[in-house]
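Analysis of the macromolecular model
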Protein chains: 2
Amino acid sequence: MRHAVSLLALSLLAAPALANDATGLDAGDIATAETLREQAMAGSAAWDIVESLTTEVGPRLAGTPADARAVAWARAKFESLGFDKVYLEPVTFPVWLRHREQAAVLAPAPQPLVVTALGGSVGTGGQPLQAPIVEFATLDALKAAPEGSLAGKIAFISNRMERFRDGRGYGPAVGARSNGAVEAARKGAVAVLIRSIGTSHDRFAHTGVMRYADDVPRIPAAALSNPDADQLVRLLGRGQEVTVSLDISAETVGEYTSHNVIGEITGRELPGEVVTLGGHLDSWDQGTGAIDDGAGVGITMAAGALVGKLGQAPRRTVRVIAYANEEQGLFGGKAYAEARAAAGEIDAQQLGAESDFGAGRVYALRAGVDPAAWPVIVKIGEVLAPLGVVTEREGGSPGPDVGPIVAKGAPWAQLAQDGTDYFDYHHTPNDTLDKIDPKALDQQVAAYAVLAYLAAETEVDFGRAPAAPAK
Amino acid sequence: MRHAVSLLALSLLAAPALANDATGLDAGDIATAETLREQAMAGSAAWDIVESLTTEVGPRLAGTPADARAVAWARAKFESLGFDKVYLEPVTFPVWLRHREQAAVLAPAPQPLVVTALGGSVGTGGQPLQAPIVEFATLDALKAAPEGSLAGKIAFISNRMERFRDGRGYGPAVGARSNGAVEAARKGAVAVLIRSIGTSHDRFAHTGVMRYADDVPRIPAAALSNPDADQLVRLLGRGQEVTVSLDISAETVGEYTSHNVIGEITGRELPGEVVTLGGHLDSWDQGTGAIDDGAGVGITMAAGALVGKLGQAPRRTVRVIAYANEEQGLFGGKAYAEARAAAGEIDAQQLGAESDFGAGRVYALRAGVDPAAWPVIVKIGEVLAPLGVVTEREGGSPGPDVGPIVAKGAPWAQLAQDGTDYFDYHHTPNDTLDKIDPKALDQQVAAYAVLAYLAAETEVDFGRAPAAPAK
């Protein structure tokens, strides 16, 4: 819906400058956005926020005591940054715990392997599982194996993720992680090992969530580091049977209620209409969740805080959301969308954006909005252009936690980041603060602050989103 | 000693070309060396050798079953490469075993830490040790602490190694690893944690040997990865006491006799005079010992094999040595030197070189020889120049395993390698085959083959070494 009547009435009251019809923004709005951009580029709070989260909380696997510490941290941080309304919304999910994981080649060349249990995996029953491995070049090759052909064996999926700036190598590769256990179990396998869904040569295994199906046994699932996967390929290439030992202790134990932590800069005219920014507060357990997604939390908190420090708030509310448990199934994003639907607030969602692709610079603006609102996106893109950001009419997708509300019709924007090295670090012990360039964070804060401010200030309604293109 | 009489006699017999008086080399010798260089650059056996060692044996901590597998591998590899004499010499040393290592911050921000026990460390007595940490910027700062001031505390030495092409950041930093436990124990500490002696931001802790003294208690010693050391520094910087849990299981158990594995290309005229190349066969346990020192073994085996494939062997014997247990105290190099001394063969050592600085390209030739033999080094350098190698009159040092025989007077040469990234990987789980550029290995094989051939072919005696400059 549009708010033409109320906006018209208000603009007649305030009317400091003439708003452009198509963008709903006037020269003063653009000047304010440019000031926000330059303030952020001169040095934002983002790095300090990430430093605080990753140092004082550290890793924060959903459902662990660190989850509660992270929620308390986020609430206090929003308050200290001057958000005028700070609150929690409950998010409930099953709790998965990693206790131990070890693997080794037993024969023909005994040596340890670097592995990590995939999120959600069962354990090996209190003792190491020992079995020969059978390699499949892809998940599809595993699917094509004869029924029962893997009885007593470990399936090893060896496909390698490719590196791209936009991370598009992830999609084709990640099926091995998500569905490898189900497909391997269908063929009778006792476990599945995958090459990490990651791009570096460092000897870190990448964790990440996997799933089971009710009609096949739940078998343990783990990822090997790229060098370890290479090693198994070399050993298998010598034509001998390769036997591996896999010892995983992990369990899914009950439910936990964490929280989406929300900070708002209340809109001066249309407080019930919201522009949302966010990142996810949880992380995997191995690193300190600096790039995934301390960066997103820091960037969007800092951007929101900058908007909050303006002489007056924008027309609409700017809402920054630190989502709970993104990693294990977008629980925070789903809970947020369901709560809005239950409250009849879907139409109040004006534009949603999430930063969850690391700490690299923003290079493109994309959006899913009513075509009538596209001139606003173009205008926002003009203010972002000095940051090296181009506006792209096609493609893009909302961030993971924005997806559920977009599925209910909410419009979205994407500030696409350079993710060239994102999959070198994500979901590994190596996701630590030192991987972040503070200046790159400032550029992102600049982009998010401009986006949030202008989207909240414009008189134009972003409408309902066209269906988001598949990523 | 010189062999002027016999060489003169032989050169009168063979005399295909006129040897230059100062270099003892003729044009045919240089042409042969150039051919060796070009053969190596066109593709050597080195990468395949390293691939074989790191895949089929993997990590090979001295004194473990993998040590014996490595010795058997090296013997078979020398034989398959056409060395005409292959034999073992015993090397005995204490056995140190790593069983387990874990650490965590307990307060104020509970989180795991990535650590590795230092080689030789005792354990924590079967249970985690929990104590506050006290930071020292350097080993010297720790030495300056008052007696008893660390009672019940863990000393944390936070100095950072600097990166240089020639690795000269290692010396000033490594004292914290070697002597940290002794100095911390003198002040009453219950354990010592050091920042890894390494240059990368990757979350790997670098192991390496440490020592104890008889007059102070033996306390556990471990290294933190660089990101983990940064994290402790940040936590301490907040002014609160930081308590750490450290759980190490490790032990020194009896002695083991391994072997230096030796392959020779027997000299055609002076078989009792030897030019030695080598690398060390053992590795730390965490990686597969690809750059430290599979590379050195592969390079020098391949270089020796190339010389062995010439139509005729050089005058002197070329001896390639895969040294035992370098990592824990140069045991192989010491045993080699002692065996030569016992047999009265020190004077038979014509020139010794070791490759133990990773897999980077060679950029300089240096030597410790009788000044009368310097023209030979210059001539060798001329043949190496197309490889990007410069000859340097000053500086340099023999490789670690060559040191003990140099201390007894043997001459040495150094083919200095680019070690810019060496300390990113060495002594970590990340020391794996993928870190090696096969073309860089070929360049090194070219350099070692030229060095070995010309040093073995020249009529000039390299004399006794000037004292090696301190590294």
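Only a predicted model underlies this, so the values are computations on that prediction, with no experimental measurement involved. (Residues numbered from 1 in each chain as written. Chains lettered and ligands numbered in written order. Predicted model: local features only at pLDDT ≥ 70, side-chain atom pairs only at ≥ 80, totals over all residues.)

**A short note on the confidence of the model for chain A**
All names here are of chain A. Looking at chain A, the pLDDT average stands at 94 and 94% of residues meet or exceed 70. Across residues 1–16, where pLDDT falls below 50, the model places 10 contacts with residues more than four positions away in sequence or in other chains. Of the two predicted TM-score estimates for the complex, the pTM is 0.93 and the ipTM is 0.93. (pLDDT = per-residue confidence, 0-100. Contact = placed C-beta atoms within 7 Å.)

**Section: the environment of B:Asp356**
Residues and elements named next belong to chain B. Counting through the fold element by element, Asp356 comes out in the loop between strand 11 (349–352) and strand 12 (362–368). Among the residues examined, Asp356 registers 24 C-beta atoms within 10 Å and is labelled buried. Distance in space between the C-alpha atoms of Asp356 and Thr116 is 22 Å, their sequence separation being 240 residues. The residues touching Asp356, leaving out its near neighbours within four places in the chain, are Gly279, His280, Asp293, Gly296, Glu326, Gly399 and Pro400. (Helix = DSSP H or I, 4+ residues; strand = E, 2+ residues; numbered from the N terminus. Buried ≥ 20, exposed ≤ 12 C-beta atoms within 10 Å, placed from the backbone.)

**Regarding the domain arrangement of chain A**
Residue and element names in this part refer to chain A. When cut into domains, chain A gives domain 1 (4–84 + 266–457) and domain 2 (96–253). When each unit is reduced to the centre of its C-alpha atoms, the spacing between domain 1 and domain 2 is 35 Å. Listed by partner, the interface residues are 19 residues for domain 1 and 20 residues for domain 2. Looking at the side of domain 1 that touches domain 2 element by element, the count peaks at 3 residues for helix 12 (residues 422–425). Split into classes, the residues belonging to the side of domain 1 that touches domain 2 amount to 6 nonpolar, 9 polar and 4 charged. (Domains from an automatic or database assignment. Nonpolar A, V, L, I, M, F, W, Y, C, P; charged D, E, K, R; others polar.)

**Re the pairing of strand 5 (residues 154–157) of chain B**
Residue and element names in this part refer to chain B. Here strand 5 shows a buried face lined by Ile154 and Phe156 and a second buried face lined by Ala155 and Ile157. Here strand 4 (residues 129–136) runs beside strand 5; their pairing, made up of 4 bridges, is parallel. Residue Glu135 lies in a different strand from strand 5, and its bridge partner there is Phe156. Pairing of strand 5 with strand 6 (residues 191–195) involves 4 bridges; the strand directions are parallel. Paired with Ile157 across the bridge in strand 6 is Ile194. (Pairing = 2+ DSSP bridges.)

**Examining the environment of B:Ala410**
In this fold, B:Ala410 is placed in the loop between helix 11 (403–406) and strand 14 (412–417). Given 29 C-beta atoms within 10 Å, B:Ala410 falls into the buried group.

**Focus: the pairing of strand 10 (residues 316–323) of chain A**
All names here are of chain A. In terms of burial, strand 10 is a largely internal element, 8 of the 8 residues being buried. In terms of strand pairing, strand 8 (residues 243–265) meets strand 10 through 5 bridges, oriented antiparallel. Paired with Val261 across the strands is Ala322, a residue of strand 10. Of the pairings in the sheet, the one linking strand 9 (residues 270–280) to strand 10 comprises 8 bridges and is parallel in character. Note that in strand 10 the partner of Leu270 across the bridge is Arg316. Traced from strand 9 through helix 8 (residues 290–308) to strand 10, the parallel crossover comes out right-handed. (Right-handed = clockwise from strand over helix to strand, strands pointing away.)

**Observations concerning helix 4 (residues 65–80) of chain A**
All names here are of chain A. In this model helix 4 runs 23 Å from its N-terminal to its C-terminal C-alpha over 16 residues, within 8% of the 22 Å that 1.5 Å per residue would give. Buried within helix 4 we find Ala66, Asp67, Ala70, Val71, Trp73, Ala74, Lys77 and Phe78. Each buried residue of helix 4 sits inside an arc of 165° when the element is viewed along its axis, so together they form one side. For helix 4, the elements touching its buried residues are helix 3 (46–57), strand 1 (85–107), strand 8, helix 8 and strand 10. (Expected span 1.5 Å × (residues − 1). Arc of directions from axis to C-beta.)

**Description of the relation of the copies chain B and chain A**
At an RMSD of 0.0 Å, chain B and chain A line up after a rotation of 180° and a shift of 0.0 Å along the axis. What the superposition gives is, in effect, a two-fold axis relating one chain to the other. Scanning chain B for the C-alpha nearest the rotation axis identifies B:Asp202, at a separation of 4.1 Å. The overlap is high: 95% of the interface residues of chain B also sit at the interface in chain A, so the same surface is used on both sides. (Least-squares fit on C-alpha atoms with pLDDT ≥ 70 in both.)

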